[in-house]
Amino acid sequence: MQLAYSKEDEGFRATLREWLERELPALPPMPARDAWADRRKWDTDWQRRLFDAGYAGLHWPTEYGGRGASPTEQLIFYEETTRARAPYVGVNFVGTLHAGPTLIEEGTDAQKAEHLPKILRGEEVWCQGFSEPGAGSDLASLRTRAERDGDDYVLNGQKIWCSFGQIADVGEFLVRTDPDAPKHKGISWLILPMDTPGIEIRPLKTVIGSSEFSEVFLTDVRVPVANRVGAENDGWRVTNVTLKYERGTAFVSELVDAIRLAEDLAARMHEGGTAHLAETDLGRCIAEFDALWALTKRNVSQSARGITGAGAMVMKLAYTEARQRFGEVCLRELHRDALHVDDNEYVEERLRTLALTIAAGSSQIQRNIIGERVLGLPREPR
Ligand SMILES: Cc1cc2nc3c(=O)[nH]c(=O)nc-3n(C[C@H](O)[C@H](O)[C@H](O)COP(=O)(O)OP(=O)(O)OC[C@H]3O[C@@H](n4cnc5c(N)ncnc54)[C@H](O)[C@@H]3O)c2cc1C
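Residues numbered from 1 in each chain as written. Predicted model: local features only at pLDDT ≥ 70, side-chain atom pairs only at ≥ 80, totals over all residues. Heavy atoms only, no water.

A. Layout of the nonpolar core. Trp126, Leu155, Trp189, Leu192, Phe289 and Phe326 are the most contacted members of the largest nonpolar core, which has 92 residues in total. Among the elements that line this core, the one with the most residues is helix α7 (residues 252–271), at 10 residues. (Core = buried A, V, L, I, M, F, W, Y, C linked by side-chain atoms within 4.5 Å. Buried < 20%, exposed > 50% of the residue type's maximum accessible area, 1.4 Å probe, protein only. Helix = DSSP H or I, 4+ residues; strand = E, 2+ residues; numbered from the N terminus.)

Shown next, in the form of structure tokens:
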């Protein structure tokens, strides 16, 4: 791979930087954490600005409205948006980073035409209804039933941990379409409009006091068969397409944010004359993030050539565990001061990152996957 930026890449960087300098001062202040309607508006407005400027769906093919950007342009985008403190992907996470890419690979022409432009323009927010109270790590044990009735499926069951469920327009939902088949063979992947009658959403409060996710109860919910992505009972294969994006490339902007926070903390330590404390633990965190950034460059370069290498499989595990160690270092280095700086950003960092080694597949499950698929160790009994 070529790691040096070309003249064209630097031109892309300069134009993007100029655009960010113009655009960011005009943004209204970020809404409060639990003001969900305002947060949705703020995040989708930003998505619309990206779209209008040609920066939405950077890695999506141009035929689906994306920019079809080269790997280096994608990396430059992450570097520049972080440097400029531009908004994070926010409530557009599911749509832009994994539901949209799944539709691009697996959806029908009608499904792509219906949803992809709206996702890119910030007009459609997606959520993910995969997990159930009895099906998290062992996702294929899911029990939400979808029974065929004419041109519809009728859904009954319960989902949990549905991020952005309370403000989403559409969900990517996994349902059991054949209860008699072996568990991985009886699942289908559905597009579920969240305003369909029979859906009840109950937000759950997290340790940081916000309702990031919800329980979703489904009672006789009718969904057109045309909303199925992939063949009936082939949903496990489609799920793996979604998870490839969710566990692979979706963490890149998070990593860039971690680097920003680590650099802020280092600067703070220097100002406070406690830099010597930082030289070991904080230094190690920054080095780890740096190594992950190098791995990201390699992963982005490989994925542009259709390769899912070992790097993409270890990224989620390595990044989330490094970020938790960083959360711990923040509190240790700042001690009681952590309670007073930047709206408790570092305390929140410590608490929020607890969830990272669980969300999108726990660390233990990631280790099982790496053991089996990368190292070729014997499979876990099923
Ligand atoms: C912040 C956050 C956001 C989320 N958002 C969504 C969302 O939008 N949509 C959605 O569908 N889900 C979402 N989830 C759910 C997430 O995918 C599950 O929490 C995760 O897959 C783990 O499942 P579980 O919570 O049922 O834990 P369990 O599967 O019950 O696991 C409990 C513990 O047992 C361990 N364990 C289980 N099986 C094995 C095994 N075979 N080998 C070794 N150890 C094992 C696990 O690692 C874990 O430590 C979210 C979770 C979090 C934390």
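B. Structural context of the environment of Gln47. Within the element layout of this structure, Gln47 appears in helix α2 (residues 36–52). The class of Gln47 is buried, set by a relative accessible area of 5%. In sequence terms Gln47 and Leu120 are 73 residues apart; their C-alpha atoms lie 7.0 Å from each other. Ignoring any residue separated from it by four or fewer positions in sequence, one finds Gln47 in contact with Ala56, Asn92, Thr96, Ile119, Leu120, Arg121 and Gly122. (Contact = heavy atoms within 4.5 Å.)

C. Quick look at the pairing of strand β7 (residues 213–224). In this sheet, β7 lies alongside strand β3 (residues 152–163) in antiparallel orientation, the contact comprising nine bridges. Bridge pairing in β7 places Lys159 opposite Val216. Of the strand pairs in this sheet, strand β6 (residues 199–204) and β7 are connected by six bridges, and their pairing is antiparallel. Counted as the bridge partner of Leu204 is Phe213 from β7. (Pairing = 2+ DSSP bridges.)

D. Main features of the packing of α7 against helix α10 (residues 310–334). Where α7 meets α10, the axes come as close as 11 Å, and the angle between the chain directions of the two elements is 20 degrees. One way to sum up the angle between α7 and α10 is to call them roughly parallel. In this structure, the crossing between α7 and α10 has a hand that is left-handed. Seen from α7, the contacting residues are Glu254, Leu255, Asp257, Ala258, Leu261, Ala262, Leu265, Arg268 and Met269; seen from α10, they are Met315, Tyr319, Arg323, Phe326, Cys330, Glu333 and Leu334. When the residues that make up the contact of α7 with α10 are grouped by side-chain class, the tally is 11 nonpolar, no polar and five charged. (Axes fitted to C-alpha atoms, helices over the stretch in contact; angles between N-to-C directions. Parallel < 35°, antiparallel > 145°, perpendicular 65-115°, else oblique. Left-handed = near helix turned anticlockwise from the far one by under 90°. Nonpolar A, V, L, I, M, F, W, Y, C, P; charged D, E, K, R; others polar.)

E. Region of interest: the state of the cysteines. Applying the stated rule across the entire model yields zero disulfides. Note on Cys127: no disulfide assigned, nearest cysteine sulfur contributed by Cys162 at a separation of 3.6 Å. Take Cys330: it sits in no disulfide, and the sulfur closest to it among the cysteines is that of Cys285, at 7.4 Å. Take Cys330: its relative accessible area is 0%, and that puts it in the buried class. (Disulfide = S-S within 2.5 Å.)

F. Summary view of a nonpolar patch on the surface. On the surface, Val374, Leu375 and Leu377 cluster together into a nonpolar patch covering about 270 Å² of accessible area. Mapped onto the elements, Leu377 comes out in the segment after α12 (363–374). (Patch = residues over 30% accessible without salt bridge, like charges linked within 9 Å, V, L, I, M, F, W, Y side chains within 5 Å. Areas by Shrake-Rupley, 256 points an atom, 1.4 Å probe, with all protein chains shown as cover. Salt bridge = Lys/Arg side-chain N within 4 Å of Asp/Glu carboxyl O.)

G. Representation of the packing of aromatic side chains in the model. Summed over the entire model, instances satisfying the criterion amount to eight aromatic pairs. Ring geometry for Trp19 versus Tyr55: centroids 5.2 Å apart, planes at 50 degrees, classification tilted. With Trp19 in helix α1 (residues 7–23) and Tyr55 in the loop between α2 and α3 (71–83), this residue pair connects regions lying 36 residues apart in the sequence. Judged by relative accessible area, which is 7%, Trp19 ranks as buried. Of the residues examined, Tyr55 reaches a relative accessible area of 6% and is grouped as buried. Measuring from centroid to centroid gives 5.5 Å for Phe289 and Phe326, while their planes differ by 75 degrees, and the two rings are edge-to-face. Here the residue Phe289 occupies a position in helix α9 (residues 281–304), and Phe326 occupies one in helix α10, the gap between them amounting to 37 residues. A relative accessible area of 2% places Phe289 in the buried class. Among the aromatic residues, those joined into a ring-pair cluster are Phe12, Trp19, Trp46, Tyr55, Phe77 and Tyr78. Across from the ring centre of Tyr5, 5.0 Å away, lies the NZ or CZ of Arg13, which sits over that ring. Across the ring face of Trp36, the terminal group of Arg39 is positioned such that the distance to the ring centre comes to 4.1 Å. (Phe/Tyr/Trp six-rings, centres within 6.5 Å; stacked < 30°, edge-to-face > 60°. Lys NZ or Arg CZ within 6 Å of the ring centre and 35° of its normal.)

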